[in-house]
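# Working through the structure, step by step
Chain by chain, the residues run as shown.
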Amino acid sequence: MALFSMTGFARAAGAMDGLHWQWEVKSVNAKALDVRCRLPAGFEALEQGVRMAAAEKLKRGSLQVSLSTSGAAEAETVQLNEAVLAQVLKAAERLRQQVGGEPVRADIILGMRGVLEVVAAEQDPSAIEQRNATVLGTFHEALGSLVLARLAEGTRLQAVIAAYVDRIEQLAIAARDNPARGAEAIKLRLSEQVARLMDAGAGFDENRLHQEAVLLATRADIQEELDRLASHVEAARRLLASREAVGREFDFLAQEFNREANTLCSKAIDKSLTSIGLELKTVIDQMREQVQNIE
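Values in this document were obtained by computation on a predicted structure and should not be read as measured data.

The next thing to look at is the nonpolar core. One broad trend across soluble globular proteins is that nonpolar side chains are buried collectively. In this structure, I161, I168, F250, F257, L280 and M287 are the most contacted members of the largest nonpolar core, which totals 33 residues. Residue assignment for this core shows that the elements contributing at least two residues are α4 (125-176), α7 (223-240), α8 (247-267) and α9 (271-291). In contact with F250, other than residues within four places in its own chain, are I161, A236, L239, L240, M287, V291 and I294. With 24 residues, the next largest nonpolar core counts M16, W21, V35 and F43 among its residues.

Here we come to the pattern of salt bridges. This structure, assessed with the given rule, holds 15 salt bridges. Between R167 and E279 there is a salt bridge, and its shortest N-O distance comes to 2.6 Å. Here E279 lies in helix α9 and R167 lies in helix α4, a separation of 112 residues in the sequence. Residue classification places R167 among the partly exposed residues on the basis of a relative accessible area of 31%. Between R237 and E169 there is a salt bridge whose closest N-O contact spans 2.8 Å. Residue R237 is located in helix α7, and its partner E169 is located in helix α4; the two are separated by 68 residues in the primary sequence. Its relative accessible area of 33% is what places R237 among the partly exposed residues. Residue classification places E169 among the partly exposed residues on the basis of a relative accessible area of 30%.

With that out of the way, let us pick up the pairing of strand β4 (residues 61-70). Across nine bridges, strand β2 (residues 19-28) lies against β4 in antiparallel orientation. Within the sheet, the bridge partner assigned to S27 lies in β4 and is L63. Across six bridges, the pairing between strand β3 (residues 33-38) and β4 is parallel. Across the sheet, R36 pairs through a bridge with Q64, a residue of β4. The β-α-β motif built from β3, the intervening helix α1 (residues 46-57) and the parallel element β4 has left-handed crossover chirality.

How each quantity is defined
Residues numbered from 1 in each chain as written. Predicted model: local features only at pLDDT ≥ 70, side-chain atom pairs only at ≥ 80, totals over all residues. Heavy atoms only, no water. Core = buried A, V, L, I, M, F, W, Y, C linked by side-chain atoms within 4.5 Å. Buried < 20%, exposed > 50% of the residue type's maximum accessible area, 1.4 Å probe, protein only. Helix = DSSP H or I, 4+ residues; strand = E, 2+ residues; numbered from the N terminus. Contact = heavy atoms within 4.5 Å. Salt bridge = Lys/Arg side-chain N within 4 Å of Asp/Glu carboxyl O. Pairing = 2+ DSSP bridges. Right-handed = clockwise from strand over helix to strand, strands pointing away.

Structure, rendered in structure tokens:
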């Protein structure tokens, strides 16, 4: 089963009774599912359906949904506001009586604000419901295309991440088989360190010297880190084969990978092991960057 990415883009268009519309859906990374809608006036009722549909198909991602429409403008009528007209006529007559002049003309009155009102014709609720259902159906098409786009990107990510996991395994094996971890090599390094300690002070306590040698040997042992790295590699491959949304779990696992690599570097007492540890950290960081795109 391929992974799903959280990034993708899709659009879908439709038409009905002279009305044309187009949905655009864009998805980017997010810790949870966050749906943001931009709907034109008169289509606000679609938002709930958009959110429900997105929640059914997606688990994570920041979703930006926009709807644009054209044509089939609502029928409008012009109405005379009788209340405003009466107030205007009353004020005009009072002013004429005070200063004189001709009665105010009708064309001037009609040009005054609020006397004439443009009112949208009342629409049939069943027609609006049918329109909304059809427009929302087109959103489902766009959402389906987005899911396919996220799947295609997830398939590419799966191959990239699998290659990183393989490289981590190779580096862990290289650290395990590194000659610097051999008993003779460790014994030689400890002997050299003991000799330096002895040179530092002739009165050095032999019991203390033995304790320090044991401590140095313990600190140099990276077997636990290698065992945990091997376990993490197995866990990563299980996640890659999962049918669930594994992005959060994989991100946590990447942090665990990094923790073991850091410890390995801190314990390394040979340049070759340090080099392996640094490359491990680099590969793990690169893998985590890709993992953060997984749903």
